[in-house]
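# Results of the structural survey
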Amino acid sequence: MTDDREKIFASIRRGLRGAEKSAALRSAASPLTSMIQHGFESLFIKFKRELEILGGLAEKVENERDVSAFVTDHTEPASSLFIYDDLANSLKSIVESLSVNRRLRFGSEFAAGYDKREVAAFDAALIGCAACVAETGTVLIQTDMRLPAALAPKLFVIVERSRLIASLDEVFTDRFGNSDASNLFLITGPSRTADIEKQLVKGVHGPKEVIVLFLNQ
Amino acid sequence: MRVFLFVPCFIDQVFPNVAVSSMKVLKHLGCDVVFPEHQTCCGQPAFNSGYRDEARLMAMHEVNALLTLTHSPVAAAKYDFDFKHDYIVGPSGSCVAMIRNFYPEILADDPRFEDVSKNMAKRTYEFSEFICKVIGADRFSGKLQATVSYHDSCHALRELGVKDGPRKILERIEGLRLIELPYNEVCCGFGGTFAVKYPEISVVMADEKLQNFYQTGADILVSADSSCLMHLEGRARRSGSLKRFAHIAEIMSESIDRKP
Amino acid sequence: MTTTEPQSRDFKKLYKKEVANLRLRANLKKATIQALDKRNDSFAELDFDLLRNEAKKIKQESVSHLNELLSQFEDNAHKNNCAVFYAESPEKANAYILDVAQRHAVKKIVKSKSMVTEELRLVPFLEKFGIETVETDLGEYIIQLAGETPSHITAPAIHKSRTEIAQLLHDKIGIELNDDPTFLTGEARKALREKFLSAEMGISGANFLIAENGTAVVVENEGNARLSTSAVKVHVIVTGIEKVIPKFSDLRIFMRLLGRSATGQKLTSYVSLIRGPRRQNEKDGPDEVHIVLLDNGRSALVGTEHQEVLHCIRCGACLNVCPVYRSIGGHAYGSVYPGPIGSLVTPLFFGPKNAPDLPFASSLCGNCTEVCPVGIGIHHQLLAMRHEIKAKTKRGVEAFIFRTFRKTMLRPQRYRLFSRLARIFSSTPIVAKAFKGWTHYRELPKLPARSFREIYKSERGKE
Ligand code: SF4
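Residues numbered from 1 in each chain as written. Chains lettered and ligands numbered in written order. Predicted model: local features only at pLDDT ≥ 70, side-chain atom pairs only at ≥ 80, totals over all residues. Heavy atoms only, no water.

## Some words on the interface of chain C and chain A
To keep it simple, the criterion reads: Two residues form a contact once any of their heavy atoms are found within 4.5 Å. Buried area, as used here, totals the accessible surface that two parts lose on assembly, with accessibility defined by a 1.4 Å probe and the loss added over both. What makes a salt bridge here is a side-chain nitrogen of Lys or Arg within 4 Å of a carboxyl oxygen of Asp or Glu, nothing more. Side-chain atoms alone can form a polar contact between residues adjacent in sequence; in general such a contact is a pair of N or O atoms within 3.5 Å, and within protein one must be able to donate a hydrogen while the other accepts it.
Listed by partner, the interface residues are 103 residues for chain C and 85 residues for chain A. Both sides of the chain C and chain A interface together cover about 8100 Å² of buried area, and 53% of this is carbon and sulfur. It is Arg226(C), Arg252(C) and Lys283(C) in chain C that bury the most area against chain A; as a group they hold 10% of the surface buried on that side. For Glu45(C), the salt bridge is made with Lys46(A), and the minimal N-O distance between the two is 3.5 Å. Summed over the shared surface of chain C and chain A, the result is 52 residue pairs in polar contact (both at pLDDT 80 or more).

## Things to note about the sheet that holds strand β1 (residues 2–5) of chain B
Residues and elements named next belong to chain B. The criterion, for reference: Pairing between two strands requires that DSSP report at least two bridges joining them. Numbering goes from the N terminus for both helices and strands, where a helix is a DSSP run of H or I of at least four residues and a strand is a run of E of at least two. Interaxial angles span 0 to 180 degrees and are taken between N-to-C directions of axes, which are lines fitted to C-alpha atoms, for helices over the stretch in contact.
The 4 strands are arranged β2-β1-β3-β4 in an open sheet whose pairing can be described as parallel. The open sheet terminates on both sides in strands that have one partner only, identified here as β2 (32–34) and β4 (124–126). Within the sheet, the average angular offset between the axes of one strand and its neighbour, ignoring direction, is 30°. Strand direction decides the pairing type here: β1 and strand β3 (residues 87–90), joined by 3 bridges, are parallel. Following the sheet pairing, Val 3 is matched in β3 by Tyr 87.

## As for the pattern of salt bridges
Summed over the entire model, instances satisfying the criterion amount to 63 salt bridges over all chains. Residues Lys154(A) and Glu209(A) are paired through a salt bridge, measuring 3.8 Å at the closest nitrogen-oxygen approach. Of this pair, Lys154(A) sits in strand β7 (residues 154–160) while Glu209(A) sits in strand β12 (residues 209–215), placing them 55 residues apart in sequence. What emerges from the salt-bridge pattern is a single network uniting Lys46(A), Glu50(A), Glu45(C), Arg260(C) and Lys266(C).

## Points about the sheet that holds strand β10 (residues 288–294) of chain C
Residues and elements named next belong to chain C. Pairing is parallel in the open sheet, where 6 strands are placed in the order β1-β10-β7-β4-β2-β3. Of all the strands in the sheet, the pair left with one neighbour each is β1 (82–87) and β3 (132–135). The average undirected angle you get between the axes of adjacent strands in this sheet is 20°. Pairing analysis gives 4 bridges linking strand β4 (residues 201–204) to strand β7 (residues 234–240), with the strands arranged parallel. Considered in β7, the bridge of Ile 203 is made with Val 236. Where helix α4 (residues 66–79) meets the sheet, its contacts fall on β1 and β10, and the angle it forms with β1 comes to roughly 145°.

## Some thoughts on the interface of chain C and chain B
Note the cut-off: Charged residues are taken to be Asp, Glu, Lys and Arg, nonpolar residues to be Ala, Val, Leu, Ile, Met, Phe, Trp, Tyr, Cys and Pro, and polar residues to be all remaining types, Gly included.
On the chain B side, the residues contacting the 61 residues of chain C number 61 residues. Roughly 5600 Å² is buried in total at the junction of chain C and chain B, and carbon and sulfur atoms are behind 61% of that figure. When residues of chain C are sorted by the area they lose upon contact with chain B, Tyr441(C), Arg442(C) and Phe452(C) head the list and together hold 13% of the total. Taken together, the links from chain C to chain B amount to 8 salt bridges. A salt bridge links Asp12(B) to Arg453(C), with the nearest nitrogen and oxygen atoms 2.8 Å apart. Taken together, chain C and chain B are joined by 32 residue pairs in polar contact (both at pLDDT 80 or more). Of the residues in the side of chain C that touches chain B, the class split is 27 nonpolar, 14 polar and 20 charged.

## A short note on the domain arrangement of chain B
Residue and element names in this part refer to chain B. Which entries qualify depends on this criterion: Where each domain begins and ends follows an automated or database-derived domain assignment.
Each domain of chain B was delimited in the assignment, giving domain 1 (2–133) and domain 2 (139–257). Centre-to-centre, using C-alpha coordinates, domain 1 lies 23 Å away from domain 2. Each partner contributes to the interface: domain 1 provides 29 residues, whereas domain 2 provides 24 residues. Taken together, the two surfaces of domain 1 and domain 2 that pack against each other cover about 2200 Å², and 65% of this comes from carbon and sulfur. As a salt-bridge pair, Asp 257 and Lys 24 come within 2.8 Å of each other at their nearest N and O atoms. The interface formed by domain 1 and domain 2 contains 10 residue pairs in polar contact (both at pLDDT 80 or more). Broken down by class, the residue content of the side of domain 1 that touches domain 2 amounts to 13 nonpolar, 12 polar and 4 charged.

## Quick look at the site of the ligand
Under the convention used in this document: Being near a molecule or strand, for a residue, means having at least one of its heavy atoms within 4 Å of it.
Of all residues adjacent to the ligand, which total 13 residues, the nearest are Cys312(C), Cys315(C), Gly316(C), Cys318(C) and Cys372(C). Classifying every residue of the shell around the ligand gives 11 nonpolar, 1 polar and 1 charged.

## Some words on the confidence of the model for chain A
Put simply, the rule reads: pLDDT measures the predictor's confidence residue by residue and takes values from 0 up to 100.
Summarising the model, chain A shows a mean pLDDT of 89, and 91% of its residues fall at 70 or more. Element-level mean pLDDT values for chain A span from 86 in helix α5 (residues 92–98) of chain A up to 97 in strand β6 (residues 138–141) of chain A.

## Description of the domain arrangement of chain A
Here the domain parsing of chain A yields domain 1 (1–29) and domain 2 (31–215). Its C-alpha centre places domain 1 of chain A at a distance of 41 Å from the equivalent point of domain 2 of chain A.

## Side note on helix α2 (residues 40–53) of chain A
Residues and elements named next belong to chain A. Quick note on the threshold: Expected helix span is taken as 1.5 Å per residue step, with the number of steps being one fewer than the number of residues. Only protein chains enter the area calculation, which uses a 1.4 Å probe; residues under 20% of their type maximum are buried, those over 50% are exposed, and those in between are partly exposed. In this description, the arc belongs to the directions extending from the helix axis to the C-beta atoms.
In a regular helix each residue adds 1.5 Å, so 14 residues correspond to 20 Å; α2 covers 20 Å between its end C-alpha atoms and thus fits that length. If you check which residues of α2 are buried, you get Phe 40, Leu 43, Phe 44, Lys 46, Phe 47, Glu 50 and Leu 51. The buried residues of α2 all sit within an arc of 165° when viewed along its axis, so they share a single face. Across from the buried face of α2, at angles greater than 90 degrees, the exposed residues are Ile 45 and Ile 53. Where α2 is buried, its residues meet β1 (57–61), β5 (131–133), β6, β8 (164–165) and β12.

## Considerations on the environment of Ile53(A)
Residues and elements named next belong to chain A. By the secondary structure assignment, Ile 53 is in helix α2. Classification of Ile 53 as exposed rests on a relative accessible area of 62%. As a C-alpha pair, Ile 53 and Ser 179 span 126 residues in sequence and 31 Å in three-dimensional space.

## Side note on the packing of aromatic side chains
Operational definition: Aromatic pairing here means that ring centres of Phe, Tyr or Trp (its six-membered ring) are within 6.5 Å. Orientation follows from the plane angle: under 30 degrees is stacked, over 60 is edge-to-face, and everything else is tilted. A ring is scored as having a charge over it whenever the NZ atom of a lysine or the CZ atom of an arginine sits within 6 Å of its centre and within 35 degrees of its normal.
On inspection of all chains with the given rule, the structure shows 38 aromatic pairs over all chains. Ring centres of Phe172(A) and Phe248(C) lie 5.5 Å apart, and the angle between their planes is 75°; on these two criteria the pair is classed as edge-to-face. In this pair, Phe172(A) sits in the loop between β8 and α8 (174–177) while Phe248(C) sits in the loop between β8 (244–245) and α12 (251–263), so the two residues belong to two different chains. Plain terms: the ring middles of Tyr337(C) and Phe349(C) are 6.1 Å apart, the flat faces sit at 85° to each other, and that makes the pair edge-to-face. Here the residue Tyr337(C) occupies a position in the loop between α14 (323–328) and α15 (339–350), and Phe349(C) occupies one in helix α15, the gap between them amounting to 12 residues. Here Phe349(C) falls in the buried class, since its relative accessible area comes to 7%. The ring of Phe213(B) has Lys243(B) lying over it, and the distance from NZ or CZ to the ring centre is 5.8 Å.

## Looking at the state of the cysteines
All names here are of chain B. This is how the line gets drawn: The disulfide criterion used throughout: a pair of cysteine sulfur atoms within 2.5 Å.
Here the structure, examined in full by the defined rule, presents 0 disulfides over all chains. With no disulfide partner, Cys 228 has as its closest neighbouring cysteine sulfur the one in Cys 188, 4.0 Å distant. Classification of Cys 228 by relative accessible area gives buried; the value is 7%.

The following block contains the structure:
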């Protein structure tokens, strides 16, 4: 089917005639006076406040043992947890201790074309992230498997403290703009809606609980 | 300080007391007030209803009329108005916005009016604005026992940026209590011909405004635009309300009488 | 789905019905006031004017380089393995989307919110060809079940109360009658989850297209857009040509403005930055991504007085703040795009003949302009449209009245005569009848015995 590209371009060109000498394109957006940035502790306080206003949870944890204790505390016995590969590989001891009383599934068990229904049944997903943003309580994720994190009722994000950044100014840069992945998701708190009489309801299609654990490593 | 009083047509015809009061207050504050007698209508009703050409013709007439005192307003070269020292002041936010914001635009393509409309715009003020910005609100004081609310007309508020001024003036009146309206920046629903083209919507908006006004418990609703007041008062009377609706110039004038 | 679609041409009929609906007005008032209060709070820590200026600059620049940016976007989208299709008209866009669906033997489509697809009437079109197309945004889902059209650009079911919604879901999907929003949302989630798992194709809009890297930005709260774009084999993005902006870094400005203006959120729950189909090393995501860019009257606005209407980011703030919208609701406008921006876009996209009254259905209070995050002079645009419309209609009663009015005002003698006549006839029934738009609802003020100029004259005479 041939499209209308040339017709539309011609119409725009007609409109712009006479105004063609409009200001040249800038090389970058004018930066905003960015939020003041100070070390992890104050950024963490800001991140926690923003996320928790939205009904999420943010905690500092010291080591892998704390992570598995936390996840154990916040999931039901025998519930099924999906663990993304990057986490499973880097945090082996978490996997070991959780496997005692939770049903664990791993990214490596699935190949392209997997059955969506199988993934939709997980109670929680554990995922790492590219960055966290203090300004808004946002988590940035980029994955090779989009659905587990999008469907699970509970999402645990486990992240090194060094990945906490101050503001959205740092998100919209080449660092994240030029990656090869097909997707980048910014997740800010639980999935929610206010479509019925503006009353807030959490957990519409995505996670109802978003828990971010900052690991001291 | 010489002031050319701009009296919009409906104030001239329907609310002359607003113009009388404006003149009295300005004189009281030491201004030399003159009334250019050939002025009629600024053209805003036509302009806002879409009749730009009619509005342009009225604007041309009004420019000449407002700037001349003695002869009939035809000869553009013989303005009596001194652009360095004189002011044009009108007790209507929306009509002043017409002169100040839209005259330069609609007259821009006519060499006879291009400059004069721009220069005139710079010397034109809404009544309460003139008192605050040019004379100084602290030069005014009065006395009146009353509880009032202030209605921000949209044109004074958004086209002219008049917000704190009228409140500062009201605060200078001894015995007067000002109670803010809830949602004071929401339109009352007048909107010129909108009020008669879409009366059902216009009065829904009026009723909201009136409810907010009644809720304050104030006795008088004060504004810098008589057109909003005419609409609100007309609606209030229909449901039997006895509240008073008054232009800020009238309130000021009364407060001077009580404070010799 | 069959609906008899209201038409903006019938505005005068439609609004009269809606304005009398007290329950509708109560629903709207509650919802819009809450949205506005939250909006105002959310801007507290930022400089709104600064952001707005930046946003406006970027949008101005985008429109004045539209061809250049579209080509750049297109190149980058191709590099990302997306197909790009330009459609001049809704028919063309619909035909392309249908073709994509048929080529993949699609039976079920999950769709997330997009005003452009409403403009295309895409859902009824696809359903005509036997392709089940499900709206997955909760509000849109409700509206689809009700066989209605959205009444707000960001809150489609804003006109419905929980009781109405409970009854509707009870009737249509057979759930228990319970008006608790949490319960209702949970039931809708269940029904829609099944659709996500069985659909082959997803359709979404895009809030922004980034020229420099070919990213499509989809902003939402529920997670349905994320699923509509991820849990499917084919993803079709449908949006307007004006959505392209130059830089990825421009999102710094827009992301801070959009959520706040729409719902008072610092950022919406989800921002999906989509860069094409599943990569080799990825295990899910669509195998094909198509980007359909609709013109439908947009390119014709470039270079005109109305160019800035193309800056709109569809946040809905101007609707929430509009006292006219709040009095009559979105359906009264008879258009996909209601409220102040709708009164501009409708005649501009669909032709002024289709919406002769909309530019006049405003008190020109300017509250919309005050909140618009991209600095569109909405009420001045409405005024300019009035001028264009009336410049073409020299005949008619109103034109005659204003001509006579002008003639009167240009001659001070006539003005004085008019004044005298008005005083004589003011209290007669003729006047009440002539002004029935006024007198039916309000009292006319009593004309004083003398005009100001008469008073002034006689005072001066005494001096
Ligand atoms: S016109 Fe402005 S306020 Fe209205 S929807 Fe568009 S961007 Fe938002």
